[in-house]
Amino acid sequence: MNLNKADLFFTAGNASQLPGKLDLQKPQIAMCGRSNVGKSSLINKLLNRKSLARVSAEPGKTITVNAYDVDDTIYLVDLPGYGYAKRSFDERDKWKQFIDKYFSLDANILFLLLVDLKVGLTKDDDVMLRYLVDAELPFAIITTKADKLNKTNREKSIQGILSHDGIPSDAAIIPFSSKTGEGVKDVWEIIEEFCEFLKEQED
C-alpha cells in the first residue's frame, strides 16, 4: 500500500450525507473515542503526515465524519469525538444521529476504539465498548498517549483496561504514542489482518 497516496476523500457535516461517496465494499478503519483522545493524531502518524487530519483547536467543536482514502485501497475514517461536556443538547443529538447512521452502514468496518492510557476507560468509553461487543462488530483498542506514563503506571493502566468485564479475552489492545511512533506497526498489522480476512470471505 502506497501511503504517499493518501488524501481527504469525503467529509460529511450531517447524518443525511452518509454514506455519500464512500464505496461500502472498501475496508473502512474507523477511529472512535472521546474528544481530544488523539484520533486525528493517530491517522497522521499512520500515514506519516504532519497535518493531513486536522487536530481541532477546541475539542468537540466540530462534528463531522472525515474519510481519508489510502491508495484507493482502504478508508481511514475519523469519527466525531464523544463525551465533551460543553456540548449543547442539540450538538449531542447531532452526534448521536451521526454515529447511529454510520454504525448502521452495510459496510466492511473495523473500529479502533481509542482510550487515553492516562485517563483509562471513561463511562462514555464503556458505553461504546459494550455497543461494539453486543453488536459483534470487529474492533481493537488503541491506548493513546502511552509516552506520558512511566513503566509502572503504564502497566497498571493497561491491566485496568484488560480487567474490564466488557472486554473479550481475545481483544487486541495496542499502546500508541503519536510522539514516539510506538504502536504504528502493530496498528497496521491489525488493519492488514482485517483486510486479509475480508479477502478470504470473498473467495
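Everything discussed here concerns the structure shown above.
Residues numbered from 1 in each chain as written. Predicted model: local features only at pLDDT ≥ 70, side-chain atom pairs only at ≥ 80, totals over all residues. Heavy atoms only, no water.

S.K.: An account of the overall build of the protein chain is needed here, citing residue identities and associated values.
M.R.: The helix and strand tally for the protein chain stands at five helices and seven strands. Secondary structure elements of the protein chain, listed N to C terminal, follow the sequence β-β-α-β-β-α-β-α-β-α-β-α. Relative to a compact globule of 203 residues, whose C-alpha radius of gyration would be 17 Å, the protein chain shows 16 Å and is just as compact. In terms of overall dimensions, the protein chain has a C-alpha envelope of 45 × 45 × 35 Å along the principal axes. Per-residue burial for the protein chain yields a buried fraction of 47% across its 203 residues. Once local pairs closer than 6 in sequence are excluded, the contacts in the protein chain between residues at least 24 apart make up 74%. Carbon and sulfur atoms make up 47% of the accessible area of the protein chain, which totals about 10900 Å². (Helix = DSSP H or I, 4+ residues; strand = E, 2+ residues; numbered from the N terminus. Rg over C-alpha atoms; globule rule 2.2 N^0.38 Å. Buried < 20%, exposed > 50% of the residue type's maximum accessible area, 1.4 Å probe, protein only. Contact = heavy atoms within 4.5 Å. Areas by Shrake-Rupley, 256 points an atom, 1.4 Å probe, with all protein chains shown as cover.)

S.K.: Explain the packing of aromatic side chains to me, and be specific about the residues and the numbers.
M.R.: According to the stated counting rule, one finds six aromatic pairs in the structure shown. Ring centres of Tyr102 and Phe103 lie 6.5 Å apart, and the angle between their planes is 70°; this geometry places the pair in the edge-to-face category. Using a relative accessible area of 0% as the deciding quantity, one classes Tyr102 as buried. Among the aromatic residues, those joined into a cluster by ring pairs are Tyr102, Phe103, Phe111 and Tyr131. (Phe/Tyr/Trp six-rings, centres within 6.5 Å; stacked < 30°, edge-to-face > 60°.)

S.K.: Please set out the pattern of salt bridges residue by residue, giving values where relevant.
M.R.: Proximity of charged atoms lets side chains of opposite charge pair with each other. For the structure on display, the rule yields nine salt bridges. Here Asp100 and Lys96 are joined by a salt bridge, their closest N and O atoms 2.7 Å apart. With Asp100 and Lys96 both in helix α2 (residues 89–103), this residue pair falls four residues apart, about one helical turn. Between Asp126 and Arg130 there is a salt bridge, with the nearest N and O atoms lying 3.0 Å from each other. With Asp126 and Arg130 both in helix α3 (residues 123–134) and four residues apart, the pair spans about one turn of that helix. Via salt bridges that share partners, Lys26, Asp69 and Asp72 belong to a single interconnected network. (Salt bridge = Lys/Arg side-chain N within 4 Å of Asp/Glu carboxyl O.)

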